[in-house]
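For reference, the chains in residue letters:
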Amino acid sequence: MDSVASEQRQTLHSTADNGLKIVVVGGFGVGKTTLVRSVSEIRPLNTEETMTQAGEHIDDTVGVATKTATTVAFDFGRISLDARNVLYLFGAPGQERFWFLWDRLFSGTLGAVVLVDTRRLADSWYAVDRLEHHGTPFVVACNDFGGPAHTPAQIREALDLADGVPLVFCDARSRESSKQVLISLVEHLQTLAPLDPQPIPEPTP
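Conventions used here
Residues numbered from 1 in each chain as written. Predicted model: local features only at pLDDT ≥ 70, side-chain atom pairs only at ≥ 80, totals over all residues. Heavy atoms only, no water. Phe/Tyr/Trp six-rings, centres within 6.5 Å; stacked < 30°, edge-to-face > 60°. Helix = DSSP H or I, 4+ residues; strand = E, 2+ residues; numbered from the N terminus. Lys NZ or Arg CZ within 6 Å of the ring centre and 35° of its normal. Salt bridge = Lys/Arg side-chain N within 4 Å of Asp/Glu carboxyl O. Buried < 20%, exposed > 50% of the residue type's maximum accessible area, 1.4 Å probe, protein only. Polar contact = N/O pair within 3.5 Å; in protein donor to acceptor, adjacent residues only side chain to side chain. Disulfide = S-S within 2.5 Å.

J.: Any chance you could explain the packing of aromatic side chains here in plain terms?
T.: For any pair of aromatic rings, the description rests on two quantities: the centre-to-centre distance and the angle between the ring planes. Under the counting rule described, the total for this entry stands at two aromatic pairs. With a centroid separation of 5.7 Å and an interplanar angle of 20°, the aromatic rings of F76 and Y88 are classed as stacked. On the criterion of sequence distance, the pair formed by F76 in strand β4 (residues 75–80) and Y88 in strand β5 (residues 85–91) is long-range, its members being twelve residues apart. Every member of this aromatic cluster is reached through a ring pair, and the members are F76, Y88 and F90. The ring of F90 is capped by K21, whose NZ or CZ atom sits 5.0 Å from the centre of that ring.

J.: Would you explain the pattern of salt bridges in this entry?
T.: Proximity of charged atoms lets side chains of opposite charge pair with each other. Inspection of every chain in the model, using the stated rule, returns six salt bridges. Taking the shortest distance from any N to any O, the salt bridge between D117 and R119 comes out at 2.7 Å. Put simply, D123 and R120 hold a salt bridge, and the shortest N to O gap is 2.7 Å. Given the relative accessible area of 10%, R120 is considered buried. Connected through salt bridges with shared partners, the residues D117, R119, R120 and D123 form a single ionic network.

J.: Mind showing me how you'd approach the environment of D123 here?
T.: Structurally, D123 is set in the loop between β6 (111–117) and α4 (125–134). A relative accessible area of 27% places D123 in the partly exposed class. As a C-alpha pair, D123 and F28 span 95 residues in sequence and 7.4 Å in three-dimensional space. At a separation of 2.7 Å, a polar atom in the side chain of D123 contacts the side chain of R120.

J.: I would appreciate a short explanation of unusual backbone geometry in the present structure.
T.: The phi angle of most residues is negative, glycine excepted, and most peptide bonds adopt the trans form. At D160, a position not held by glycine, the phi torsion is positive, near 55°. Assignment of secondary structure puts D160 in the loop between α5 (152–159) and β8 (167–170).

J.: Could you clarify how one ought to interpret the state of the cysteines in this entry?
T.: Disulfide: a covalent bond formed between the sulfur atoms of two cysteine residues. Following the criterion strictly, the structure yields zero disulfides and no others. C142 takes part in no disulfide bond, and the closest cysteine sulfur, belonging to C170, lies 7.7 Å away. Accessibility expressed as a relative area gives 6% for C170, which makes it buried.

Any functional reading would require information that these geometric values do not contain.
What follows is the structure, given as structure tokens:
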């Protein structure tokens, strides 16, 4: 097992010159772990723990009463963009008691995805606020939970989004849908960056 792990580390190191970091943030139970899992080319590292009765009076489980596990540190996934560039995905924990970890996760981040459950838009206010505070570019992705339909204008107003922040809709369970979210972020980053002869590669199928 140790030799296999060592071989994998050497392979990953030798095939990538540039590591690009993206963070997926949002409220509790919006699908951050699911999104990272759906697009990662490796088996994602996650720190999910079983939810217990002890947390019932700490975490707000309104709208996610069937959730049985939760991220307590972060999720980690990897996507090869091309032979020289690798995208590292970090999924942040959603509960308020773990928000202190977010500022560290934002360090060195190229950009972020704010994943939103439109049934609980208020749960995403903190994520938007912290990213704006850090000056981190981001896109907002509305994960489909089958709740009441909202127009993009209504969602923008509820989250007080600036006109330049892209808003997309997705199904975090779908690899293709999640990949399109990341592509929208990369395209957004390219519009913000000065002219560069080596633009950020987009995730490949």
